[in-house]
Structures are given as C-alpha cells and as structure tokens.
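Fold and contact review
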Amino acid sequence: AEDGPDIVIANAGGAFGKANVGSEDLGDVRAMLDVNVFGAIKTVRALMPSLLAKQRGHVMFIGSIAGLEAYEGGSTYCAAKAAIHAFCKALRYETYGSGVRVTNVAPGFVGEGTEFAAVRNKGDMAKAAATYHGFDELRASDIACQLLWALRQPERINVDLLHVMPSNQGGATRIKRVG
C-alpha cells in the first residue's frame, strides 16, 4: 500500500489548431480529446488505488481558462478542458474525507516554458511568437509555483480550483497588449 507516488500531476495542454466548428480536422479533434481528457483520466485511474490505500496524496490537474470560458476557434479544446474541470470536481466528490486532495489549476495564457502556441499553430513559430507579442503572459514557472503553494497547504485545506491569470488578461479572449 506504500508503493506509488504521493503526488499525481495530470498536465496536458494539446490545442491542435484553432479552427471553427465544422472546419476542424477530425484528427485534431481526436488528438485533443485523447491527450487532454483520456490521458488525464487514464493516469489518475492507474494511480488512484495506491493513493486511496495510503489515505493520502494529492491529484493535481493543469486545467485552463478554456475549461471555464469558451471562445471562438477553441471548441474542442474548450470542451476537453471543461471535461477535465468536471472530472476533477467529480473526483473531489468521490475522494473527500479519504485523505486524498484534488486540485484543478486553471491558468490563462501561459507562454514561456511551454510548447502551447507552437502546437496550436502547428509548428509555425512566427505565429506562435505573435501569440504573446506585446503581452506579459504567465510562465510555466508561475504555474509550478501555484502547484507548490497548493501542495504546501496544511492537510486540512484542499484547494479545489485555482484560477490564475496574467495581470493583463481579463478573460479567455480579453488581453491588453502594449507596444
């Protein structure tokens, strides 16, 4: 019962393209669901028995603002992240009182230290760089700090949802650029 990790982080951010409904490539749709939803579910499913047997641990999801607020051109990615948000909440309902904590970190724009924009723009690095032009986005290290903060909370505290945004982002598509 002592085997296995105490911390599980389900981190997937595959947004393959940014097409409108009806024009999305079905391969991209399948890939977004496979990576973002099924990958997280399979990971957690494989490790939950160990966490529950130990009566301790922390399952963390890297969700997204896209799971809380939909936007044009992101239908499947938003649906995938909304599924993670719902899955995380259901897991919390299934595990509260078990000693296993569950946290969903739902960031806004995260750039530096990630491949998000490169993947979304299918390797077009000029478009990927333009995503963050004139915008002081979050960095992967910022999200890591939020994960550590949630992990360091006393056992009596469970951070269900941590929605973190850059100061110059007001919503999924509300961005204040400078320069």
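Keep in mind that this is a model prediction, so the values were computed, not measured.

1. Topic: the nonpolar core
If you look at the biggest cluster of nonpolar residues, it comprises 13 residues, and the most contacted ones within it are Val44, Met48, Leu51, Val59, Phe61 and Leu91. Contributions of two or more residues to this core are made by strand 1 (7-11), helix 1 (26-54), strand 2 (57-62), helix 2 (75-95) and strand 3 (100-107). With near-sequence residues (within four places) excluded, Val44 lies in contact with Val59, Phe61, Phe87 and Leu91. With eleven residues, the next largest nonpolar core counts Val110, Leu147, Ala150 and Val159 among its residues.

2. So, the pairing of strand 2
Counted residue by residue, strand 2 has six buried out of six residues, so it is predominantly covered. Judged by which residues are buried, strand 2 turns out to be covered on both faces: Gly57, Val59 and Phe61 on one side and His58, Met60 and Ile62 on the other are all buried. After leaving strand 1, the chain enters helix 1 and then returns to the sheet as strand 2, a path that is right-handed. When strand 2 meets strand 3, the two strands line up parallel, connected through six bridges. In the strand pairing of strand 3, Phe61 is matched with Asn104. One crossover worth recording links strand 2 to the parallel strand 3 by way of helix 2, and it is right-handed.

3. A look at the layout of surface pockets
In this structure, the largest pocket encloses a volume near 890 Å³. When residues of the lining of the largest pocket are traced back to their parent elements, those giving at least two are strand 1, helix 2, helix 3 (116-120) and helix 5 (140-151). Considering only residue class, the lining of the largest pocket consists of 20 nonpolar, 13 polar and five charged.

4. Concerning helix 2
Between the first and last C-alpha of helix 2 there are 30 Å, a value that for 21 residues agrees with the 30 Å anticipated at 1.5 Å per step. All of the buried residues in helix 2 are Thr76, Tyr77, Cys78, Ala80, Lys81, Ile84, Cys88, Leu91, Arg92 and Thr95. Those residues of helix 2 hidden inside the fold are in contact with helix 1, strand 2, strand 3 and helix 3. Directly beyond the C-terminal end of helix 2, a positive phi value near 85° is found at Gly97.

Calculation rules
- Sequence order as written defines residue numbering, which begins from 1 separately in each chain.
- Residues qualify for local features only when their pLDDT is at least 70, as the model is predicted, and side-chain atom pairs are given and counted only at 80 or more; totals for whole chains, interfaces and linings, by contrast, use all residues.
- Side-chain calculation: all heavy atoms of the structure are included, whereas hydrogens and water are not.
- Among the buried residues, those of types Ala, Val, Leu, Ile, Met, Phe, Trp, Tyr and Cys that are joined through side-chain atoms within 4.5 Å form a nonpolar core.
- Three labels apply to residues, based on accessible area from a 1.4 Å probe with only protein chains included: buried if under 20% of the type maximum, exposed if over 50%, partly exposed otherwise in between.
- Here a helix means four or more residues in a row that DSSP labels H or I, a strand means two or more in a row labelled E, and each is numbered from the N terminus.
- The contact rule is simple, with two residues in contact once any of their heavy atoms fall within 4.5 Å.
- Handedness of a crossover: with both strands directed away from the viewer, a clockwise path from the first strand across the helix to the second marks it as right-handed.
- Strands pair, by our definition, only if DSSP identifies at least two bridges between them.
- The way it works is a 1 Å grid over only the protein atoms, where trapped points that fit a 1.4 Å probe form a cavity and open points with protein on both sides within 12 Å along at least five of seven lines form a pocket, and then any residue with an atom within 4 Å of a point lines it.
- Grid points are joined across faces, edges and corners, and a volume is the space filled by probe spheres set on the points.
- Residues were grouped as follows: Ala, Val, Leu, Ile, Met, Phe, Trp, Tyr, Cys and Pro as nonpolar; Asp, Glu, Lys and Arg as charged; and all remaining residues, including Gly, as polar.
- In this analysis, the expected span of each helix is defined as 1.5 Å times one less than the number of residues it contains.

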